[in-house]
Each structure stands twice: as structure tokens, then as C-alpha cells.
Amino acid sequence: MAQQWTTLAEHILKEEQKIPKATGSLSLLLTRIAEASKIISTHVKHSGLIGIEGLAGKQNVYQEDVKKLDEFANNLLVDTLSESGQVFAIASEEMEKPKILKDGKAEYSVFFDPLDGSNNVDNNNSLGTIFSIYKKGKDFLQPGKNQVAAGYIFYGSSVMLVYTTGKNVNGFTLDASEGSFLLSHPNMKIPKKGNIYGINEGNYNLFDKPVQKYIQFLKKDKPYRLRYAACMVADVHRFLIDGGIFMYPSDSSAPKGKLRLMFEINPMSFIIQTAGGMTITTTENPLDLVPSQLHQKTPVAMGSSDDVKNFVKFHKK
Ligand code: P6P
């Protein structure tokens, strides 16, 4: 008998059925994000043919050159979420300020990195989209532990959508022939320990001593393998599957590191921690941080709990 695949839509509705007071709003929101990601993936897969590679001719709030595909993905997500009627605010890594919608009754805010790893656009390497959803609270900027859902779409050799609402982590693979995300990785759990590490080791001489010593430790005896995609979604997905540790520490040129708390670190931490892994700035769980600025950055290490605990030990010596 042919395998019966669960579609993302079925999965989301089944999860909604388990929540007595569910209104369907979060389900609609997740479905909208998934639909937008299918359009982004088509553009990613054809970027060399449709004139969407290269620079858009502007810089974002981090003084990073914006790629045409960054702009396309951002505008698509802003439009589709604005029309959903399910959000009161939309914040993007590519927009200086959030877009506040007039929908009085909408309960959710969405934070996203529309195209993560966009330096990989022109060289055909890995890309992703990261999203993070909060319920309206006292403050617009809430600690990551308040997320109601978070996920990413990985535009890799296959297109995968991985998300959590806090109970478990589920992975769906896009069946392009049908245009459906199908449940291919139910209840994902990260290995307790790995033998791979991911970091931009080009910055080695700028790292603090504890990070340098930890990297030296990984290279001794049975050395760990270095794997690095320069796309957080691709890197963290690797460690979710194989185990190991991803690091983007601070360094003398970037005392707060590079990755964004609201758009990258909180959603990816929610997923890794729900899958049984660990995330640390160097001393604390980023999900506990009370954000002070929309675009604030923080250093981060995340992955298998045994590996991250070792990383922490080098910061306590
Ligand atoms: P570097 C992509 O630009 C990103 O925000 C993350 O996806 C990735 O982990 C990191 O920056 C890569 O930074 O310094 O290695 O190019």
C-alpha cells in the first residue's frame, strides 16, 4: 500500500484540534507562511533565470547590502501576512521598524528573517527563511520564551519546513510535484552529543580566549569535523540532524556578535531546545533575555547539550 503522507495542513489542523479554545488564527498564520515559502523556494531555485540574483542597490539597518531576493522574499511575506488578518504587527530583519496593522482583533506578531544566508544567493549555496510568532503581550518586544511558534524553511537539496509550537519539532519536505509539504521528520530530537562544529573560523584571531581554547579542544585527540554553510538555517539544521555545535560568538570587531536575537537566535533556540538541545549566549539562555531593541544582536552557541555544556565549561575556567 502506498505510504500515507500527512500534509502540513493536516498536521496544523490536528494540532489545533488538541487546543479547546483554538480559534484557527495560528493555523491560518502558519499556513500563510508555508504558502509564501513555496513561492520563495521557486524563485530561489530559478534565481539565475529570472534576473533576481545580485544586489538591490540599497543597504539594510545593519549596513549589509540587500540582495534582490532579500527584497522579494521580504515584500512577499509582508504582503501575505498583512492580508492574512491574523497579525497586528510584522517585523523583519530587512525593515528598520515593524509594520503595525490596524486589524483590531488580530492577536499575533510575526518576526522573520525573510532570506537567511543571502550572501549565498549568487553562488547557489544554502538559503533559508526564519519565522517567530508571539501572542500580543504587555510589550511588543518579548523574551524568546514567550514564542507561541517558531520555524524555518531550508532551501537546500530538498526544501524543508521545520517548526515547533513548544511540544515537539516536526519537519516537512516539499513535494514539488504536488506543491505540498509532507511530514517526513516527525518529532525531531537532536543527538545528545556530536562530532561536528560550525563557526566562521576566519575570525579565529578575533575570538575571546575561551572560544579559541574550546576550538583547540575540539581539534585535539579525535578531532571534530568543521562544517560551515554561512547560512544559520543550513548550519543549525545540520546539527539538529547529526548533532554537534553551531557557534557565532562575539569577537573584538563585533562585541555583540552578528546574529539577531529576535529574527534568528530566538526562533532557532526555541526549535533546538524543544528538540532536546541547548542554547547559550556564553552565560545565559537567550530565550530568557528581555529584548531592549528590535535589531539587537547577541553571541550564541547552540546544538547538542553535551557539546554546549563543554563550550560553557571553557567560559567558566
Ligand atoms: P559570516 C547570514 O548572513 C547570517 O546572518 C547567518 O545566516 C549566518 O550564520 C551568518 O550570518 C554568517 O556570517 O560572518 O560567516 O558570513
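As shown above, the structure is provided for reference.
The model shown is predicted, which means the values in this text are computed figures rather than measured ones.

K.L.:
How should I be thinking about the sheet that holds strand 8 (residues 159-164) in this particular structure?
P.N.:
By definition, the strands of a sheet pair up through backbone hydrogen bonds, in either a parallel or an antiparallel sense. A sheet is described by the order of its strands in space; here eight strands give the open sequence 4-3-5-6-7-8-9-10, paired in mixed fashion. A strand with exactly one partner marks an edge of an open sheet, and here the two such strands are strand 4 (99-100) and strand 10 (180-185). Alignment of strand 9 (residues 169-175) against strand 10, held across five bridges, turns out to be antiparallel. Directly across from Asp175, in strand 10, lies its bridge partner Ser180. Here helix 1 (residues 8-17) sits on the sheet in contact with strand 8, strand 9 and strand 10, set at roughly 5 degrees to strand 8. Of the strands in this sheet, strand 3 (87-92), strand 5 (108-116), strand 6 (127-135), strand 7 (149-155), strand 8 and strand 9 touch helix 6 (residues 261-274), which is tilted by about 85 degrees from strand 6.

K.L.:
Before we go on, may I ask you to explain the packing of helix 2 (residues 25-45) against helix 3 (residues 68-82) in this structure?
P.N.:
In a packed pair of helices, the relevant descriptors are the angle between the two axes and the axis-to-axis distance. Taken N-terminus to C-terminus, the directions of helix 2 and helix 3 make an angle of 155 degrees; their axes are 10 Å apart at the nearest point. One element, helix 2, and the other, helix 3, form an angle in the roughly antiparallel class. The handedness of the crossing between helix 2 and helix 3 comes out as right-handed. Of the residues in helix 3, those touching helix 2 at Leu29, Arg32, Ile33, Ala36, Ile39, Ile40, His43 and Val44 are Leu69, Phe72, Ala73, Leu76, Leu77, Thr80 and Leu81. The residue inventory of the contact of helix 2 with helix 3, partitioned by class, reads 12 nonpolar, two polar and one charged.

K.L.:
How should the sheet that holds strand 14 (residues 278-280) be read in this particular structure?
P.N.:
One open sheet accounts for five strands, arranged 12-11-13-15-14; its pairing is mixed. Edge strands, defined here as strands with exactly one partner in the open sheet, are strand 12 (225-226) and strand 14. As defined by bridge partners, strand 11 (residues 196-198) adjoins strand 12 across two bridges and the pair is classed as parallel. Its bridge partner being in strand 12, Ile196 is matched across the sheet by Arg225.

Cut-offs applied
Residues numbered from 1 in each chain as written. Predicted model: local features only at pLDDT ≥ 70, side-chain atom pairs only at ≥ 80, totals over all residues. Heavy atoms only, no water. Pairing = 2+ DSSP bridges. Helix = DSSP H or I, 4+ residues; strand = E, 2+ residues; numbered from the N terminus. Contact = heavy atoms within 4.5 Å. Axes fitted to C-alpha atoms, helices over the stretch in contact; angles between N-to-C directions. Parallel < 35°, antiparallel > 145°, perpendicular 65-115°, else oblique. Left-handed = near helix turned anticlockwise from the far one by under 90°. Nonpolar A, V, L, I, M, F, W, Y, C, P; charged D, E, K, R; others polar.

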